[in-house]
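# Breakdown of the fold
Take a look at the letters that make up each chain.
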Amino acid sequence: MTNAIATLTALNVAAVPFAIRAEKSSDIAARERLLDACFGEGRHARTCQRLRDGRAPAEGLAFSAVRQGRLVGTVRLWHVDAGGRAALVLGPLAVASSCRELGLGGALMRHAIAEAAARGHGAIVLLGDEPYYRRFGFSSAKMDALALPGPFERDRLLGLELRDGALDGAAGLIVATGAAAPVAKPARRALPRAA
Ligand SMILES: CC(C)(COP(=O)(O)OP(=O)(O)OC[C@H]1O[C@@H](n2cnc3c(N)ncnc32)[C@H](O)[C@@H]1OP(=O)(O)O)[C@@H](O)C(=O)NCCC(=O)NCCS
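To start, this report covers the structure provided alongside it. (Residues numbered from 1 in each chain as written. Predicted model: local features only at pLDDT ≥ 70, side-chain atom pairs only at ≥ 80, totals over all residues. Heavy atoms only, no water.)

## A few points about the packing of aromatic side chains
Per the counting criterion, the structure on display carries four aromatic pairs. Relative to Tyr133, the ring of Tyr132 has its centre 5.2 Å away and its plane inclined at 80 degrees; by these criteria the two rings are edge-to-face. Taking the relative accessible area as the measure of exposure, Tyr133 reaches 10% and is therefore buried. Following the ring pairs from residue to residue traces out a cluster consisting of Tyr132, Tyr133, Phe136 and Phe138. (Phe/Tyr/Trp six-rings, centres within 6.5 Å; stacked < 30°, edge-to-face > 60°. Buried < 20%, exposed > 50% of the residue type's maximum accessible area, 1.4 Å probe, protein only.)

So this is what it looks like as structure tokens:
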């Protein structure tokens, strides 16, 4: 009986559709909570964060997955110079633990890659698990001569050419090149009411 209930619950979870849309400024708080839950408080110290500090994501390349009005997934892409080649760095990619294994991560990845290609970008790099990312075409090819601004595991540095040859000859440090993030406006304090 318990197993039957578990199966029904799983089916219900899988049956609820989700949507992928451009990230909105109103997503930010929920997105930060999701990233804290997925990567922990230490996420700001990760090497790839050095490519995002103080930068805005690439134009039109930040996406949210939403299910029943709740933000359950996120992915963003950022401008970088990858050893002399213009590229995007992808990350973080995260899906709420309650919504995993439903294809959401894959849908976010395919959407982000397609949008980046449609916008004329030549290549995407990322730091992640090759067994997951190879299904989207990422590999360690042409990554040997590239480095990140901090410690990283070489076999996790992966790339995907959206345009043939976009990463040919890439050698050196991957550095951020995106626009500065807009400065957050301080919250406005309510004026005291006149007596
Ligand atoms: C990785 C993550 C985004 C995948 O999201 P998801 O919605 O569950 O992914 P999908 O449903 O599209 O794909 C599930 C498949 O990916 C596989 N998978 C998930 N994480 C994997 C990993 N780290 N390595 C290899 N395979 C992985 C699953 O086993 C499953 O395989 P199957 O299709 O053969 O059954 C999600 O697990 C997550 O947010 N994890 C925490 C944050 C994180 O690690 N982000 C990636 C940074 S490298």
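## Examining the nonpolar core
Residues Leu90, Leu108, Met109, Ile124, Tyr133 and Phe138 are the most contacted members of the largest nonpolar core, which totals 30 residues. Of all the secondary structure elements, the ones that give two or more residues to this core are helix H2 (28–39), strand S2 (62–67), strand S3 (70–82), strand S4 (85–90), strand S5 (94–95), helix H3 (104–118), strand S6 (123–127) and strand S8 (157–161). The next biggest cluster of nonpolar side chains, apart from the first, holds 17 residues, and it includes Leu51, Val125, Leu157 and Ala166. (Core = buried A, V, L, I, M, F, W, Y, C linked by side-chain atoms within 4.5 Å. Helix = DSSP H or I, 4+ residues; strand = E, 2+ residues; numbered from the N terminus.)

## Overview of the site of the ligand
As a matter of local geometry, the ligand sits amid 17 residues, with Glu101, Gly103, Gly105, Gly106 and Asp129 nearest to it. Gly106 places a main-chain nitrogen or oxygen 2.8 Å from an oxygen atom of the ligand. Tyr132 is positioned such that a nitrogen or oxygen atom in its side chain is 3.4 Å from an oxygen atom of the ligand. Mapped onto the shell around the ligand, the elements with two or more residues apiece are S5, H3 and helix H4 (130–133). Of the residues belonging to the shell around the ligand, the class tally is nine nonpolar, four polar and four charged. (Near = heavy atom within 4 Å. Polar contact = N/O pair within 3.5 Å; in protein donor to acceptor, adjacent residues only side chain to side chain. Nonpolar A, V, L, I, M, F, W, Y, C, P; charged D, E, K, R; others polar.)

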